[in-house]
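Reading the structure
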Amino acid sequence: MKARNLMWILWPSFLMGGVASGIVFALVDPLDLVFMGQFRASRPTVYTLGFFLFWGVAALSSALTLRIAPRGVVLDEFGDPVD
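The rules behind each value
- Residues numbered from 1 in each chain as written.
- Predicted model: local features only at pLDDT ≥ 70, side-chain atom pairs only at ≥ 80, totals over all residues.
- Heavy atoms only, no water.
- Salt bridge = Lys/Arg side-chain N within 4 Å of Asp/Glu carboxyl O.
- Helix = DSSP H or I, 4+ residues; strand = E, 2+ residues; numbered from the N terminus.
- Buried < 20%, exposed > 50% of the residue type's maximum accessible area, 1.4 Å probe, protein only.
- Expected span 1.5 Å × (residues − 1).
- Contact = heavy atoms within 4.5 Å.
- Axes fitted to C-alpha atoms, helices over the stretch in contact; angles between N-to-C directions.
- Parallel < 35°, antiparallel > 145°, perpendicular 65-115°, else oblique.
- Left-handed = near helix turned anticlockwise from the far one by under 90°.
- Phe/Tyr/Trp six-rings, centres within 6.5 Å; stacked < 30°, edge-to-face > 60°.

1. Let's talk about the pattern of salt bridges
Applying the stated rule across the entire model yields one salt bridge. A salt bridge links Asp 29 to Arg 43; its shortest N-O distance comes to 3.0 Å. Note that Asp 29 is positioned in the loop between α1 (3-27) and α2 (43-68) and Arg 43 in helix α2, a separation of 14 residues in sequence. For Asp 29, a relative accessible area of 29% puts it in the partly exposed group.

Below you can see the structure in the form of structure tokens.
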């Protein structure tokens, strides 16, 4: 995968991961969350895991969008189509 494609996937998803975690954790206190009935995590742990979860979901969305986006015709320096 080209570096430019990774940039198109990871940068917007990073921004949306930050926005999503900010919105969710403004409404939900991480200390109120209980995992698997007993496990309670600290605030920084839940913030970190939440951010990476949101970043991953947004990256998947960006990657799928890039995958299904129509490809333009590739032209060489003279304007002729490249096969």
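2. Regarding α1
Helix length check: α1 (25 residues) gives 36 Å between terminal C-alpha atoms against 36 Å at 1.5 Å per residue, within 8%. Along α1, the positions that sit buried rather than exposed are Ile 9, Ser 13, Gly 17, Ser 21 and Phe 25. Where α1 is buried, its residues touch α2.

3. Points about the packing of α1 against α2
In contact at an axis separation of 7 Å, α1 and α2 are set at 140° when each is read in the N-to-C sense. As far as their axial angle goes, α2 and α1 are oblique. Between α1 and α2 lies a crossing of right-handed hand.

4. Some words on the side chain of Ser 13
Mapped onto the elements of the fold, Ser 13 is located in helix α1. Among all residues touching Ser 13, those that are not within four sequence positions of it are Trp 55, Ala 58, Ala 59 and Ser 62.

5. Section: the packing of aromatic side chains
The full count for this structure, using the stated rule, is seven aromatic pairs. Measuring from centroid to centroid gives 6.0 Å for Phe 52 and Trp 55, while their planes differ by 25°, and the two rings are stacked. Taken as a pair, Phe 52 and Trp 55 lie in helix α2 at a separation of three residues, close to a single helical turn. Taken together, the ring pairs connect Trp 11, Phe 14, Phe 51, Phe 52 and Trp 55 into an aromatic cluster.

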